[in-house]
Amino acid sequence: MTADAHLAHWRVPPSPVTPLTWRGGWRDGVLDLLDQTRLPRHELVVAHTDAETVIAAIRGLAVRGAPILGVAGAYALVLAARAILQQDPTLDRPTFLTRLTARAAAIARARPTAVNLPAAISRHLALAHQTPGSPEQLADALLAAAQGLDAYERAACAAIGRHGAEWLKPRARFLTHCNAGALVTTGIGTALAPLYVLRAAGYAVHVHACETRPLLQGLRLTAYELSKAGIPHRVLADGAAAGLLRTGEIDAVIVGADRIAANGDVANKVGTYALALAAFAHGVPFVVAAPLTTLDPETPDGTMIAVEMRPDDQRAYLDPNAHPLELRVHAPAFDVTPAKLVTCLVTEAGILETPDNELLAPWLLRAARLQQAPPADR
Ligand code: MRU
């Protein structure tokens, strides 16, 4: 079937797509976060009033996904700054900054692989050090920076959606892994954004979502999100994906990223590398969609990315009704896909096919500039 015939086959009337919008955000000194561990059964928004509970939410995956980790971390830093001031309103600036630096380190350490979190914390901490004024003024500057990042990520999603949809347009049947939609950022998502844009423009979209063992982000979160948006989808066992790619039932694989190294290597949810290999073997485009805040100019290649291990994941592998086993697991949370398997990288800056150091250079420069100043100032 030619691309056009294929497209005609799938063309449907435009449909109002309503992707989820971020059900969290800053509200008078409180950070609201949707507890993703309770989805899809319960839509529970938790009000966080101190940095410690935000750190716990990040560690426990109540808030997860690279861009939202950066935003939540930035707001946690504001909460930390306010708590330090509340404890001692007469604090001098150097002591305030020393205490803030210690809190910042704890927030940045909460999850290591997604670069958005440590990058946002180091950028906003540097801003606090550079901003003249009293500790109260520094806390205000941190809030403005967090709100700037929040707005930046929202706009980045919209642009990723537009650029990605343009590139993907003749295609209708997508495969995705983990969850890289509206739950992971403050806008309509990263990997799912182009699919929402395509559907809204009247292109038929069907998504196969890998369940994403062992924590089931695909089954629990992507399926939930796609149902809410009215996008037809099916969940499949991770092990079924290669077969689906072989039989020609997928037009493109599209995933998000937690960290993209300077040479284009991509760290994403464990299982992504296997998908990229299978897509390559069967000539299916493998597309990565992420904001520039996920690009890490400091990390030369994927071998330098620290992959988070989940040491206590045994429970996720066990049937609770099974005979108790002494189970030892190998539980990396992420894996690294070499750049040479990436057909196309989509960011808010546009599209890059077969990314490498040279092609990525202008984007790395932009990412480095973003890192030097809060996105709102760019
Ligand atoms: O462990 P998680 O659920 O935080 O991992 C998130 C991912 O790896 C997602 O695939 C996503 O693409 C990265 S965030 C847009």
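Residues numbered from 1 in each chain as written. Predicted model: local features only at pLDDT ≥ 70, side-chain atom pairs only at ≥ 80, totals over all residues. Heavy atoms only, no water.

**Q** I'd like a description of the packing of helix α2 (residues 51-59) against helix α4 (residues 93-108), backed by residues and values.
**A** α4 packs onto α2 with a crossing angle of 20° between their chain directions and a minimal axis gap of 9 Å. The angle between the axes of α2 and α4 places the two elements in the roughly parallel class. In this structure, α2 meets α4 at a crossing whose hand is left-handed. Contact with α2, carried on its side by Ala51, Glu52 and Ile55, involves Arg103, Ala106 and Ile107 of α4 and no other residues of that element. Across the contact of α2 with α4, the residue classes break down as four nonpolar, no polar and two charged. (Axes fitted to C-alpha atoms, helices over the stretch in contact; angles between N-to-C directions. Helix = DSSP H or I, 4+ residues; strand = E, 2+ residues; numbered from the N terminus. Parallel < 35°, antiparallel > 145°, perpendicular 65-115°, else oblique. Left-handed = near helix turned anticlockwise from the far one by under 90°. Contact = heavy atoms within 4.5 Å. Nonpolar A, V, L, I, M, F, W, Y, C, P; charged D, E, K, R; others polar.)

**Q** Could you give me a rundown of helix α7 (residues 193-200), with the residues and numbers involved?
**A** Among the eight residues of α7, six are classified as buried, and the element is accordingly described as predominantly covered. Those residues of α7 lying buried are Ala193, Pro194, Leu195, Tyr196, Leu198 and Arg199. On its buried face, α7 sits against α6 (135-168), β4 (173-176), β5 (206-210), α8 (217-229) and β7 (252-255). Gly202 occupies a position one or two residues after α7 and carries a positive phi of about 100°. (Buried < 20%, exposed > 50% of the residue type's maximum accessible area, 1.4 Å probe, protein only.)

**Q** Any chance you could break down empty space enclosed by the protein for me, citing the residues and the numbers?
**A** Taken as a whole and judged by the stated rule, the model has three cavities of 30 Å³ or more. Quantified by volume, the largest cavity comes out at close to 190 Å³. At the level of elements, α3 (66-87) and β9 (266-269) are the ones that each hand at least two residues to the lining of the largest cavity. For the lining of the largest cavity, the residue count by class is eleven nonpolar, eight polar and five charged. (1 Å grid on protein atoms, 1.4 Å probe; cavity = no way out; pocket = protein on both sides within 12 Å on 5 of 7 lines; lining within 4 Å. Points joined across faces, edges and corners; volume = space filled by probe spheres on them.)

**Q** For the environment of Arg366, give the residues involved together with the corresponding values.
**A** Structurally, Arg366 can be placed in helix α12 (residues 357-372). The exposure class assigned to Arg366 is partly exposed, which follows from its relative accessible area of 38%. Taking the C-alpha atoms as reference points, Arg366 and Leu295, separated by 71 residues in sequence, lie 9.5 Å from one another. In contact with Arg366, other than residues within four places in its own chain, are Leu292 and Ala349.

**Q** Can you explain the site of the ligand? Please cite residues and give values.
**A** By nearness alone, 18 residues border the ligand, and Arg64, Arg111, Asp258, Asn268 and Lys269 come closest of all. The contact in question runs from an oxygen atom of the ligand to an N or O atom on the side chain of Arg111, over 2.7 Å. Considering the ligand on its own, with 410 Å² of exposed area, one finds that the protein chains cover 100% of that surface. The site holding the ligand turns out to be the largest cavity. Listing elements by their share of the shell around the ligand, those giving two or more residues are α3 and β9. Classifying every residue of the shell around the ligand gives seven nonpolar, six polar and five charged. Both domains that meet at the shell around the ligand, namely domain 1 (4-16 + 158-377) and domain 2 (25-152), each give it at least three residues. (Near = heavy atom within 4 Å. Polar contact = N/O pair within 3.5 Å; in protein donor to acceptor, adjacent residues only side chain to side chain. Areas by Shrake-Rupley, 256 points an atom, 1.4 Å probe, with all protein chains shown as cover. Sits in = over half its atoms within 2 Å of the grid points. Domains from an automatic or database assignment.)

**Q** I'd love a proper account of the layout of surface pockets, names of residues and values included.
**A** Considered as a void within the structure, the second largest pocket measures approximately 240 Å³ in volume. Lining the second largest pocket we find 17 residues, and of these Ala119, Asp296, Pro297, Glu298 and Gln371 sit closest to its centre. Mapped onto the lining of the second largest pocket, the elements with two or more residues apiece are α5 (116-130), β11 (295-296) and α12. The element contributing the most residues to the lining of the second largest pocket is α12, with five residues. A class-by-class count of the residues in the lining of the second largest pocket yields nine nonpolar, four polar and four charged. Shared between two domains, the lining of the second largest pocket takes at least three residues from each, and those domains are domain 1 (4-16 + 158-377) and domain 2 (25-152).

**Q** Mind laying out the pattern of salt bridges, listing which residues take part and the relevant values?
**A** Considering all chains together, one arrives at nine salt bridges under this definition. With its nearest N and O atoms 3.0 Å apart, the salt bridge here joins Glu43 to Lys228. Of this pair, Glu43 sits in the loop between β2 (30-34) and β3 (45-48) while Lys228 is found in helix α8, placing the two residues 185 residues apart along the sequence. When its relative accessible area of 42% is taken as the criterion, Lys228 is described as partly exposed. (Salt bridge = Lys/Arg side-chain N within 4 Å of Asp/Glu carboxyl O.)

By themselves these figures say nothing about function.
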